[in-house]
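Notes for the structure review
Now for the letters of each chain:
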Amino acid sequence: MTISHSLQVDLETLARACRVLDMEGQTDLTQGHLSMRDPDGRGVWMKKRGISLRQVRSLDDMVLISWEGELLVGDGPMHLEWPIHTEIMLARPDVNAVGHTHAYHASIFSATNETLRAVVQGSARVLGGRVARYDLRTDLIDTRETGAGLAESLGAEWGVLMKNHGLTFCGPNVEGATLNAIHIESACKAHLFAASTGLAWDAPSEEEMVEKSNARQMDWLIKASWGFFSNKLDRFEAA
Ligand SMILES: [Zn+2]
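Report on the accompanying structure. Sequence order sets the numbering: in each chain, residues are counted from 1 along the sequence as written. Only residues with pLDDT of at least 70 get local features here, since the model is predicted, and only at 80 or more are side-chain atom pairs given and counted; chain-wide, interface and lining totals rely on the full set of residues. Side-chain metrics in this entry use all non-hydrogen atoms of the structure; hydrogen atoms and water are not considered.

**Some thoughts on unusual backbone geometry**
Filter applied, for reference: Comment: elements are numbered from the N terminus, with helices defined as DSSP H or I runs of at least four residues and strands as E runs of at least two. Categorising residues by exposure relies on relative accessible area from a 1.4 Å probe, with only protein chains included: less than 20% of the type maximum marks a residue as buried, more than 50% marks it as exposed, and the intermediate range marks it as partly exposed.
The amide bond that connects G76 to the next residue, P77, takes the cis arrangement and shows omega of 0°. Among the structural elements, P77 can be located in the loop between strand 4 (71-73) and helix 2 (82-91). For L29, which is not glycine, the phi dihedral falls at a positive 50°. Residue position: L29 is located in the loop between helix 1 (5-23) and strand 1 (33-37). You can call L29 exposed: its relative accessible area is 65%. Not every positive phi belongs to a glycine, and N164 is a case in point at roughly 55°. In this structure, N164 sits in the loop between strand 7 (159-162) and strand 8 (166-171). For N164, a relative accessible area of 49% corresponds to the partly exposed category.

Here you go:
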C-alpha cells in the first residue's frame, strides 16, 4: 500500500505521541494504545499489540483496522481493545484520535466514587474538569457492544475513567488527545494527594472551571503544550 506524504507525517506524530505517553509515565508493560482516524475513512490507525508505547517508531509498529475490526494494513497483531477506538470515533465525528492507558493515578481514581475536582491550576486544562465515568464492567472492552457502551458513557467529554481499569481519552487530533491524557492523569494525582492529606480543601466553582478550561482548549495553546512535550521527548530520547 502506498502511503501519502501527509499520512506519513500524521503517523509519525502518532508514533511520537505514543512515546510521549510513555515518557509521561503512562506505560503498563505492553498495554495501552493510541489511534487516529484514517483520513480516507477506512477505519483507525493504531499501535499494534505486543510492543510497548515506547517502542512505537514506524509504520511497522502500526495497523490499520476497519470499523468492523478487519486488519487492513500491517501484520498485526491487533490489540483486543480495538473497539474502544472505532466505536468512539463512530459516535463522535469531532474526535479524530483516541487512546487508552492504565495511567497509575487515573486508574486508582477510577476505583473511587468521587467526582474529579480541579485541585490545582493545571487540572483546569481538562475541559471543564469533567471526566466521564464507565462502570458497566472492569474487564477488557473487546467487543463492538462494550465499545459502544464505553462511547456512550464518554458522551461529549474528552476522557472517561474506567472503573478499576484505567483511562480512555480522546481529542480533535492526536496532539490534543495526548495532552488530555496527561492532564487527566495529573488532575487525578492532585486530587488523590489533596484527599489523602486529611486537610480541608476546596476546588474552584463549576462556572469558574468551565471558563478556565475553555480558555485552555484554544488551538494555539494545544500547539504550544504539544511543542513542550515534543521538545522534552527529543531531549529524553537523546539522553
Ligand atoms: Zn486496559
